[in-house]
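# Examining the three-dimensional arrangement
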Amino acid sequence: GRGPMRAGLGGGNDGGTESRDGARKHKRRRTDDDGGGGHGPKARRVNINELVQAQKKQGESAAAEKSAAKAKVREMKKATGDLSQAEKANYVGLDCEMVGVGSNGKRSVLARACVVDYNGHVLYDAFVQVAERVTDFRTQFSGVRAKDIKKGAVSFQVRDVKPTE
């Protein structure tokens, strides 16, 4: 039979073990081939410079998107510059933030609603109570956190609304 295993017998603690009968058993050593991180053959080491460059590119693309959005607003203001205050009062913008519910958070439900006027002034902004258990807050996109929809959130119910003429 096999006797008890003892670590480090016969020449230093090299990660191998030796049984009483002297047979050497070697543990597989990690090499840089498998990433060294213990996450299997597909793992790779992360270079801090790569991370910094990726964050820089992400910031640049966000800045470009913001710049493009500002240009679009300028273009729209120029195109609608001749609107009267009364006409501008007819325009609002609505932004809804959604969270995921159900299996893997795939179904979207309302978690926040914001309404702004023509000039971008906030008319309404509120977190909404979610009736179901939230499985994906999508915080990186929505900004919604668990505490936001618990205390002070308003009740919301979908209703059929007929437009006024």
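Structural data are supplied above this passage.
Below or above, wherever it landed, is the structure these notes cover. Residue numbers here run from 1 along each chain, matching the order of that chain's written sequence. Per-residue local features of the predicted model are confined to residues with pLDDT of at least 70, and side-chain atom pairs are confined, for both listing and counting, to 80 or more; whole-chain, interface and lining totals are unaffected and use all residues. Values reported for side chains reflect all heavy atoms of the structure, with hydrogen atoms and water molecules removed beforehand.

## Topic: the sheet that holds strand 6 (residues 122-127)
Either a parallel or an antiparallel arrangement is found when strands of a sheet pair, and the pairing is made through backbone hydrogen bonds. On the basis of which strands lie adjacent, the open sheet formed by 4 strands has the order 6-5-4-7 and antiparallel pairing. Whereas interior strands pair on both sides, the edge strands pair on one side only; in this sheet they are strand 6 and strand 7 (134-136). Between one strand axis and the next, the sheet turns by 45 degrees as a mean value, whatever way the strands run. Between any two strands, pairing holds if DSSP finds at least two bridges. Numbering of helices and strands starts at the N terminus; helices are DSSP runs of H or I of at least 4 residues and strands are runs of E of at least 2. Note: strand 4 (residues 92-101) against strand 7, 2 bridges, orientation antiparallel. Across the sheet, the residue bridging to valine 101 is valine 134, located in strand 7. Angles shown run from 0 to 180 degrees and are taken between the N-to-C directions of axes, each axis being a line fitted to C-alpha atoms and, for helices, limited to the stretch in contact.

## A look at the side chain of aspartate 148
Residue placement: aspartate 148 occurs in the segment after helix 3 (139-142). The contacts of aspartate 148, once residues within four sequence positions are left out, are Phe127, Gly143 and Ala153. The contact criterion used is simple: two residues touch if any of their non-hydrogen atoms lie within 4.5 Å.

## Describing the pattern of salt bridges
Definition used for salt bridges: Asp or Glu carboxyl oxygen within 4 Å of a side-chain nitrogen of Lys or Arg. Taken as a whole and judged by the stated rule, the model has 3 salt bridges. Here glutamate 132 ties to arginine 107 by a salt bridge, and the two come within 2.5 Å at their closest N and O atoms. Residue glutamate 132 is found in the loop between strand 6 and strand 7, and its partner arginine 107 is found in strand 5 (residues 107-117); the two are separated by 25 residues along the sequence. The residue aspartate 148 makes a salt bridge to arginine 145 at a minimum N-O spacing of 3.1 Å. Burial classification: accessible surface area is computed with a 1.4 Å probe over protein chains only, and a residue below 20% of its type maximum counts as buried, one above 50% as exposed, and the rest as partly exposed. Note on aspartate 148: relative accessible area 10%, which makes it buried.

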